[in-house]
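# Understanding the architecture of this molecule
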There are 2 protein chains.
Amino acid sequence: MKLHGYFRSSAVWRVRTVLALKGLTYAHVFHHLRKGEQSAPDYLRLNPQGLIPALETDDGAVLTQSLAICEYLDEVYPAVPLLPSDPVLRAKVRAFSYAIACEIHPLQNLKILKRLKGLGFDQAQTDQWAQTVIADGFDACERLLDGQAGPYAFGEAVTLADVCLVPQMSNARRFGVTLRWPRLQAVEAACLALPAFQAARPEAQPDFEG
Amino acid sequence: MKLHGYFRSSAVWRVRTVLALKGLTYAHVFHHLRKGEQSAPDYLRLNPQGLIPALETDDGAVLTQSLAICEYLDEVYPAVPLLPSDPVLRAKVRAFSYAIACEIHPLQNLKILKRLKGLGFDQAQTDQWAQTVIADGFDACERLLDGQAGPYAFGEAVTLADVCLVPQMSNARRFGVTLRWPRLQAVEAACLALPAFQAARPEAQPDFEG
C-alpha cells in the first residue's frame, strides 16, 4: 500500500495511526500542503479532489477521505478492531469521531483559514476563529464521554474515537487553545503511551519540519 | 424509536431517508432550530450537545450524529443495505458521503453562517460563502462519480451516498447555486422518483413551514 500524505495533516495522521495500530506496512508519498503539491498534475490524475490522504491499495484502488480509509482498513484487516462489537457503542464511537471530523476539523483546517484570510481576516482573527471552533467542539466531545470508562475514549480498547482525538488535541495546542478537558487530555495521554500512536506522530515522519 | 429533528435540517433529512428506505416506523419530536429549541433544558438533558438529529432507540439509547445513526440503522436493520458488500466500493461510497458531510455541509450550516454574521458578514457575503463552499464541494463530488454507473450514485442500488446527496442538492438550490453537475442532478432525479426519498423531503414533514 502507498499512503499519500503530509506530516502535519490531521486527516493523514488518523490513517497513519490506524496503519500502525494494525501493524500494516506501507510506502509514504509526501505532498507538501503549504507548497500546494497536492494540486500537482501527477497527483490530480491519481486523486482529482487534490486532497490528502489517499491510500493506494495493493490492487491499485485509490481510496480517499480519512474516515473512509480507516473503515476500509478495519474491514479488510479486522485484527485490532477500531470499533466495538455492540451496535449502540459502535454508534457512540462513530458519533464522537464525527464530532471531530465533521464539526471541528473542517472548520479549522488550512483550506478554510486561507478562505477566511482571503475575505479579509488577519492572523489574530483566524487564530481566534480556530480557537473558538476547537473549544466549542471539545466541550461537546468531553460531554460525549460522560459515563464512559477509560483509559481510552470508550474503555479499555483503542477505537476510532481515539484515532480522531489525538491529532485534534495537537491542533488545539498549535492554535493556542487553553486545554480545559480533563477527560480528553487523559485519553490523549493514554494513547500517546502506545507505540502505534508514537509512530504516527508528525514528529516521527520523514517529511517532518520543525 | 423517536427521531428528534427539524424539517429543514440536512442531517435529520439523511436519517429520515434511511428510516424510510428500511421501512422503519418511528415517532417524530420536533425542535425548531431557528427558534433555538434544540438548546431547551429538556432536550439538553437528553442530548447535551444540543444538536439534531438524535435517535432514541427502543432500548432507551440516545444516538447522535446523522452518519453514525445511519450506520447504526444499517447494522441493526440490514435489509435494504446502505453500503455495497465489496470493501473498496464501500470505501468509495463512504468517501462520497464524507465529501458532503465533512467537506460541504459543516461549512454552510446555520451555525456557521450565524458565526460569520457575528463577525460582520452581511447576508450577501454569507450567501456567497455558502455558494462557494457548495460549488467547490460538488465539483469534487461529480468527479468522485467518474466511471460509476447510474442511475444512483454508485450503481443500481441506493447507498449512503445518495442519502447524503439529495439534501445537499436542496441546500444548493436554497442558496441560489447554479447547478452545473449533470451526474449529480441525474442521481438526485433518480432518487426523488422513489417513495422513500419523497417521504423524507422537508415538504412532507408535519413541522414543515413554507
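Conventions we followed
Residues numbered from 1 in each chain as written. Chains lettered and ligands numbered in written order. Predicted model: local features only at pLDDT ≥ 70, side-chain atom pairs only at ≥ 80, totals over all residues. Heavy atoms only, no water. Least-squares fit on C-alpha atoms with pLDDT ≥ 70 in both. Contact = heavy atoms within 4.5 Å. Helix = DSSP H or I, 4+ residues; strand = E, 2+ residues; numbered from the N terminus. Axes fitted to C-alpha atoms, helices over the stretch in contact; angles between N-to-C directions. Parallel < 35°, antiparallel > 145°, perpendicular 65-115°, else oblique. Left-handed = near helix turned anticlockwise from the far one by under 90°. Nonpolar A, V, L, I, M, F, W, Y, C, P; charged D, E, K, R; others polar. Pairing = 2+ DSSP bridges. Right-handed = clockwise from strand over helix to strand, strands pointing away. UniProt positions renumbered as here; feature names shortened; annotations may be inferred.

## Some words on the relation of the copies chain A and chain B
Between the two copies, chain A and chain B, the superposition gives an RMSD of 0.0 Å; the rotation angle is 180° and the shift along the axis is 0.0 Å. Between the two chains, the operation in question is that of a two-fold axis. When C-alpha positions in chain A are compared against the rotation axis, the closest is assigned to C102 of chain A, at 2.2 Å. Counting the interface residues of chain A, we find that 100% of their copies in chain B are interface residues as well, pointing to one common contact surface.

## Observations concerning the environment of D127 of chain B
When you line up the elements, D127 of chain B lands in helix α6 (residues 123-144). Between the alpha carbons of D127 of chain B and N171 of chain B there is a distance of 11 Å; along the sequence they are 44 residues apart.

## Digging into the packing of helix α5 (residues 110-118) of chain B against α6 of chain B
Residues and elements named next belong to chain B. As a packed pair, α5 and α6 sit with axes 10 Å apart at the nearest point and diverge in direction by 140°. Taken as axis vectors, α5 and α6 run oblique relative to one another. Classified by chirality, the crossing of α6 by α5 is right-handed. Contact residues: α5 offers L113, L116 and K117, while α6 offers Q123, T126 and W129. Class assignment for the residues of the contact of α5 with α6 results in three nonpolar, two polar and one charged.

## A short note on the pairing of strand β2 (residues 27-30) of chain B
Consecutive residues of a regular strand have side chains that alternate between opposite faces of the sheet. Residue and element names in this part refer to chain B. Here strand β1 (residues 2-5) runs beside β2; their pairing, made up of four bridges, is parallel. Following the sheet pairing, H4 is matched in β2 by V29. Note on the crossover from β1 through helix α1 (residues 10-21) to β2: the handedness is right-handed.

## Notes on the UniProt feature "domain: GST C-terminal" (unreviewed entry) in chain A
According to UniProt, the feature "domain: GST C-terminal" (unreviewed entry) maps to residues 86-208 of chain A in the numbering used here. End-to-end, the C-alpha atoms of residues 86-208 of chain A are 38 Å apart, and along that stretch the chain is 63% helix and 0% strand.

## What to know about the sheet that holds β2 of chain B
Residue and element names in this part refer to chain B. Taken together, four strands build an open sheet; the order of strands is β2-β1-β3-β4 and the sheet is mixed. In this open sheet, the two edge strands, each paired with only one partner strand, are β2 and β4 (62-64). Here the average twist between neighbouring strands, direction ignored, is 25°. Relative to β4, strand β3 (residues 54-56) runs antiparallel, the two being bridged by three bridges. From the neighbouring strand, A54 faces β4, where its bridge partner is T64. Against the sheet, α1 contacts β1 and β2, and its axis sits at roughly 155° relative to β1.

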